[in-house]
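# Examination of the molecular architecture
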Amino acid sequence: MAIKNQIKIYLQSLSENVAIARVTAAAFAAQIDFTLNEIEEIKVAVSEAVTNVIIHGYEEQQGQIQVIMNLYENKLEYIIADNGKGIADIALARQPSYSSDPERMGLGFAFMESFMDELDVSSEVNKGTTVRMAKKILSSAAH
Amino acid sequence: MNITTFLKRGVLIVRVEGELDMHVADKFRQKIDNALETSGVKHILFNLEAVKFIDSSGLGVILGRYKKISAAGGKVLVAQIQPQVLQIFELSGLLKIIKLYNSEAEALECL
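Read on for an overview of the structure. None of these values were measured; they are calculated from a predicted model. (Residues numbered from 1 in each chain as written. Chains lettered and ligands numbered in written order. Predicted model: local features only at pLDDT ≥ 70, side-chain atom pairs only at ≥ 80, totals over all residues. Heavy atoms only, no water.)

It is worth spelling out the sheet that holds strand β5 (residues 99-101) of chain B at this point. Residues and elements named next belong to chain B. Reading across from one edge, β1-β2-β3-β4-β5 is the order of the five strands in this open sheet, with mixed pairing throughout. Lying at the two open borders of the sheet, with one neighbouring strand each, are β1 (2-8) and β5. Adjacent strand axes in the sheet meet at a mean angle of 25°, parallel and antiparallel pairs treated alike. Bridge count for β1 against strand β2 (residues 11-20) is seven bridges, and the pairing is antiparallel. Bridge pairing links Thr 5 to Val 14 in β2. (Pairing = 2+ DSSP bridges. Helix = DSSP H or I, 4+ residues; strand = E, 2+ residues; numbered from the N terminus. Axes fitted to C-alpha atoms, helices over the stretch in contact; angles between N-to-C directions.)

Okay, structure coming up:
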């Protein structure tokens, strides 16, 4: 399927950049007639993915986060990739309430799953993780 | 993010403004915990009228305060939640344990 529009950004793994990532994601989504609610859902999903990279992927150390946004005819895709420590057991990490810290809800992946129509996670320990998620575009919503 | 805390009728009122994500989570938590410690009150009321965005990092701080306060027999109340934030509260299951009110006054009445 042909890509109709694309943005690639590189972010340093700093907490300040979580807001930049989600605002850029929302701006990219604004070219489709999504509802405000749907744009809000994309913001939360991207926020969770980038937060995971900073906290878990790079364990709050320096690193690079790549965010790729692709617009296709029928979906909007966000890919968040890092070269961090990776996830040993993806199925376990994706379970709701899986968190080592009582101050965190362990809902990052649950939110991504609920708010997007597709979610794939691939990871290799000590190499990095790639999260790919997409939201469907109903034909009436495209410009 | 801006946080204002003050006491009213023995309740710690926390007015928050901005976006509650991982960038502000530590400061948000510390500010509330300091206010709880110095005031020694039992209950806390969050006014979320000016919160336009929250994700699981922001929710985690509220849940953490809930655990602390309910363990000591206190209540956590939320007033003036905005629709986009309400959606996240619903999905997280927090609404099962935290009650919502239309205004600070209404929430204080119910204690």
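This brings us to the pattern of salt bridges. Under the definition given, this model contains 15 salt bridges over all chains. The salt bridge involving Lys 68 of chain B is made with Asp 33 of chain B; its shortest N-O contact spans 3.3 Å. A residue pair is termed long-range when its members are at least 10 positions apart, and Lys 68 of chain B in helix α2 (residues 56-71) and Asp 33 of chain B in helix α1 (residues 22-39) qualify at 35 residues. Relative accessible area serves as the criterion here: at 42%, Lys 68 of chain B is assigned to the partly exposed category. On the accessibility criterion, Asp 33 of chain B (13% relative accessible area) is buried. Salt bridges sharing common partners tie together Lys 75, Glu 77, Glu 118, Asp 120 and Arg 132 of chain A. (Salt bridge = Lys/Arg side-chain N within 4 Å of Asp/Glu carboxyl O. Buried < 20%, exposed > 50% of the residue type's maximum accessible area, 1.4 Å probe, protein only.)

Residue placement: Ser 47 of chain A occurs in helix α2 (residues 36-57). When residues no more than four places from it in sequence are discounted, the contact partners of Ser 47 of chain A are Val 18 and Arg 22 of chain A together with Phe 53 and Asp 55 of chain B. (Contact = heavy atoms within 4.5 Å.)

In this section: the packing of helix α1 (residues 16-29) of chain A against α2 of chain A. All names here are of chain A. One way to put it is that α1 packs onto α2 with a least axis distance of 8 Å and a crossing angle of 145°. α1 and α2 meet at a crossing whose hand is right-handed. From α1, Val 18, Ala 21, Arg 22, Ala 25, Ala 26 and Ala 29 reach across to α2, where they touch Ile 39, Ile 42, Lys 43, Val 46, Ser 47, Val 50, Thr 51 and Ile 54. Classifying every residue of the contact of α1 with α2 by side-chain character gives 10 nonpolar, two polar and two charged. (Left-handed = near helix turned anticlockwise from the far one by under 90°. Nonpolar A, V, L, I, M, F, W, Y, C, P; charged D, E, K, R; others polar.)

Moving on, we get to the interface of chain A and chain B. Tallying the contact residues gives 23 residues for chain A and 24 residues for chain B. Here Arg 22 of chain A makes a salt bridge to Asp 21 of chain B, at a shortest N to O gap of 2.9 Å. Viewed at the interface, chain B and chain A are joined by six residue pairs in polar contact (both at pLDDT 80 or more). At the level of elements, α1, α2 and α4 (108-115) of chain A are the ones that each hand at least two residues to the side of chain A that touches chain B. Its residues placed into classes, the side of chain A that touches chain B shows 10 nonpolar, six polar and seven charged. (Polar contact = N/O pair within 3.5 Å; in protein donor to acceptor, adjacent residues only side chain to side chain.)

Secondary-structure assignment places Ser 56 of chain B in helix α2. Residue class for Ser 56 of chain B comes out buried when judged on its relative accessible area of 9%. Within the structure, the side chain of Ser 56 of chain B is placed 2.5 Å from the side chain of Glu 48 of chain A, a separation counted as a polar contact. Contact partners of Ser 56 of chain B, with chain neighbours within four places excluded, come to Glu 48, Met 105, Leu 107, Gly 108 and Phe 111 of chain A.

Aromatic ring pairs: the centre-centre distance and the angle between the two ring planes describe each pair. The full count for this structure, using the stated rule, is two aromatic pairs over all chains. For Arg 22 of chain A, the ring lying beneath its charged end belongs to Phe 53 of chain B, and the centroid distance is 3.9 Å. Note that Lys 75 of chain A overlies the ring of Tyr 72 of chain A, its terminal NZ or CZ placed 5.8 Å from the centroid. (Phe/Tyr/Trp six-rings, centres within 6.5 Å; stacked < 30°, edge-to-face > 60°. Lys NZ or Arg CZ within 6 Å of the ring centre and 35° of its normal.)

All names here are of chain B. Taking 1.5 Å per residue, 16 residues should reach 22 Å; α2 reaches 22 Å between its end C-alpha atoms and fits that length. Within α2 the residues assigned to the buried category are Ser 56, Ser 57, Gly 58, Leu 59, Gly 60, Val 61, Ile 62, Leu 63, Gly 64, Arg 65 and Ile 69. Phi for Gly 73, located one or two positions after α2, is positive at around 85°. (Expected span 1.5 Å × (residues − 1).)

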